[in-house]
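Each chain, letter by letter, is given below.
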Amino acid sequence: MSDDFLEIRDDTVDVQEIMADIRKSLKERGIHEEDFPNVLSFAGQGGMPGESIHDDMLTINSEWEVVADRPITSHRKVLGPIIVFFKKAIRKCLRWYINPIVDKQRTFNAAIVRVINSIKGSQDETQARIAQLEGEIGRLQQELNAGDTIRRMQAVEDNIRGINKGMQKQKEVSLITSERVRRIEGALKREGHIENGTSSIPEVHEVQYEDADIDYFLFEQMHRGSREEIKDRQRVYLKYFEDKEHILDIGCGRGEFIELLMDEGKTDVKGIDLNDDMVIYCKEQGLPVEKIDALSYLKEIQQGEVEGIYMGQVVEHLSPADMVRIIRMAYEKLAKGGVFIAETVNPMCLSVFANAFYVDPSHVKPVHPLTLEFIMQTQGFRNVETIYLSEIKEKLPQIKGNGISNADEFNKGIDRLNNLLFSNQDYAIIGWK
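Residues numbered from 1 in each chain as written. Predicted model: local features only at pLDDT ≥ 70, side-chain atom pairs only at ≥ 80, totals over all residues. Heavy atoms only, no water.

1. Thoughts on the pattern of salt bridges
Then, number 1: One pass over the structure, following the stated rule, counts nine salt bridges.
Then, number 2: Across the pair Asp232 and Arg235 runs a salt bridge, and its minimum N-O distance is 3.2 Å.
Then, number 3: Residue class for Asp232 comes out partly exposed when judged on its relative accessible area of 48%.
Then, number 4: In this structure, Glu256 and Arg254 form a salt bridge, with 2.9 Å as the shortest nitrogen-oxygen distance.
Then, number 5: A relative accessible area of 1% places Glu256 in the buried class. (Salt bridge = Lys/Arg side-chain N within 4 Å of Asp/Glu carboxyl O. Buried < 20%, exposed > 50% of the residue type's maximum accessible area, 1.4 Å probe, protein only.)

2. Comments concerning the sheet that holds strand β3 (residues 247-250)
Then, number 1: The sheet built from seven strands is open, its strands ordered β5-β4-β3-β6-β7-β9-β8 with mixed pairing. Where the open sheet ends on each side, the last strands, each with one partner, are β5 (289-291) and β8 (382-391). Direction aside, neighbouring strands of the sheet carry axes that sit 15° apart on average.
Then, number 2: Running at roughly 155° to β5, helix α9 (residues 276-284) makes contact with β4 (269-273) and β5 of the sheet. (Pairing = 2+ DSSP bridges. Helix = DSSP H or I, 4+ residues; strand = E, 2+ residues; numbered from the N terminus. Axes fitted to C-alpha atoms, helices over the stretch in contact; angles between N-to-C directions. Contact = heavy atoms within 4.5 Å.)

3. Points about the side chain of Thr344
Then, number 1: Mapped onto the elements of the fold, Thr344 is located in strand β7 (residues 334-345).
Then, number 2: Its relative accessible area of 0% is what places Thr344 among the buried residues.
Then, number 3: Reaching out from Thr344, the side chain makes a polar contact with the side chain of Glu316 at a distance of 2.6 Å.
Then, number 4: Excluding its chain neighbours within four sequence positions, the residues that come into contact with Thr344 are Gln313, Val315, Glu316, Val367, Leu372, Asp426 and Tyr427. (Polar contact = N/O pair within 3.5 Å; in protein donor to acceptor, adjacent residues only side chain to side chain.)

4. Some words on the packing of aromatic side chains
Then, number 1: Throughout the structure, instances matching the rule amount to eight aromatic pairs.
Then, number 2: Centroid distance Tyr237 to Phe257: 6.5 Å. Interplanar angle 80°. Geometry classified as edge-to-face. Taken as a pair, Tyr237 in the loop between α7 (227-234) and β3 and Phe257 in helix α8 (residues 256-263) lie far apart in primary sequence, 20 residues in all. For the residue pair Tyr237 and Phe257, the accessibility class agrees, reading buried in each case.
Then, number 3: When the ring of Tyr388 is compared with that of Tyr427, the centres are 6.3 Å apart and the planes differ by 45°; the resulting orientation is tilted. With Tyr388 in strand β8 and Tyr427 in strand β9 (residues 424-432), this pair connects stretches of sequence that are 39 residues apart.
Then, number 4: The ring of Tyr331 has Lys433 lying over it, and the distance from NZ or CZ to the ring centre is 5.0 Å. (Phe/Tyr/Trp six-rings, centres within 6.5 Å; stacked < 30°, edge-to-face > 60°. Lys NZ or Arg CZ within 6 Å of the ring centre and 35° of its normal.)

5. Overview of the state of the cysteines
In a disulfide, the sulfur atoms of two cysteines are held together by a covalent bond.
Then, number 1: Summed over the entire model, instances satisfying the criterion amount to zero disulfides.
Then, number 2: Here Cys252 is not disulfide-linked; the sulfur of Cys282 is the nearest cysteine sulfur, at 4.5 Å. (Disulfide = S-S within 2.5 Å.)

6. A few points about the environment of Ile326
Then, number 1: Take Ile326: it is sitting in helix α11 (residues 320-333).
Then, number 2: On the basis of relative accessibility, which here comes to 5%, the residue Ile326 falls in the buried class.
Then, number 3: With 32 residues separating them along the chain, Ile326 and Ala294 place their C-alpha atoms 6.9 Å apart.
Then, number 4: Sequence-distant contacts of Ile326, that is, excluding residues within four places in its chain, are made with Ile250, Ala294, Leu295, Leu298, Met311 and Leu318.

7. Things to note about a nonpolar patch on the surface
Then, number 1: On the surface, Val78, Leu79, Ile82, Phe85, Phe86, Ile90, Leu94, Trp96, Tyr97, Ile98 and Ile101 cluster together into a nonpolar patch covering about 1,200 Å² of accessible area.
Then, number 2: With respect to the helices and strands, Ile101 occurs in helix α5 (residues 80-190).
Then, number 3: With relative accessibility at 47%, the residue Ile101 sits in the partly exposed group. (Patch = residues over 30% accessible without salt bridge, like charges linked within 9 Å, V, L, I, M, F, W, Y side chains within 5 Å. Areas by Shrake-Rupley, 256 points an atom, 1.4 Å probe, with all protein chains shown as cover.)

8. Considerations on the confidence of the model for the chain
Then, number 1: Looking at the chain, the pLDDT average stands at 77 and 72% of residues meet or exceed 70.
Then, number 2: This model gives residues 1-11 a pLDDT under 50, and the stretch forms 19 contacts once residues within four places in sequence are excluded. (pLDDT = per-residue confidence, 0-100.)

The structure is reproduced here in structure tokens:
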């Protein structure tokens, strides 16, 4: 048997048309379709028979060839040879008529076998591809389910982090409040309002709104940042005080910069502040801090007594007149070669007004860096310089210039907006005497 009958592939075969021709040809020969159900029904129905297809394919591929010269035999012992002789003679006489029919049938059968093998091969390939795709779909579904699980786990983790953050915030507030109560209790004891476990709280009078005060210590704990965060930001100033010994911190707050200086081995360091809670807190931390305003303290000390003065986040709390007086007095009291640093919020960065400046109700007004620089120069400071700090990472994105004629001009505008909106949150003016 030729291998061509088993391995023919033709993507252009029209199965329905071929089967219609087969049925027509068989009908013309008096052959009925029901005589060959496994061969003639599968194409019209769109699929091969299920369980018997393998056996049918073996039969088709082994029995397709029609042979005219079949063996002639006879079971009769006496007449058998005579019958065989006459049958062979008759067959030989009819060969001219039978052989063309047999040859045509053989050709027809071979064509059918080729078509069936081709269809079966295509079906096998299709089923294999379907199985492969089903496997891919299953794998993708598993990945999708795993992804959903991961996303759900991520969502749960985010919720847990949010809950932990809220709990941590509440814990901080609770600790700060407890600290606040302890400080108030200590103050009352010092003033004699609590003795031997009994209390004698002074009478509370009605307070006018303009005289009211907020718990500024609690406010800074919640909104300015932790002491470690502030210390990290202030490390940039240490280099200016490397060769200085007697250093004053005006408006020292929680004492972060004093602690930094003392960690650097500075022993002659002093901090002043007007907030009772800040002063008490610093003293409890073992920091040399006194409650006094800047002008009063500077008037008391001798000229040239201090070698360095740091005033962080203070000028925005002052009136313009008090700001000028403190800077003038600082210049007078500094030793020759002494340094003065004033840090404040940067009004050239507009986002600070939404996120920083107006959060603090004790702020009076922002001070432009050119204004502060001018005041320091006119009060005698030399080599005045300005540094910008706390860069805001959030920026407006630029566009790529692919096919856009004015992309450069647009991006320049974006740069100007970023400089105006998201530059540096703070700046510091540094001057020497």
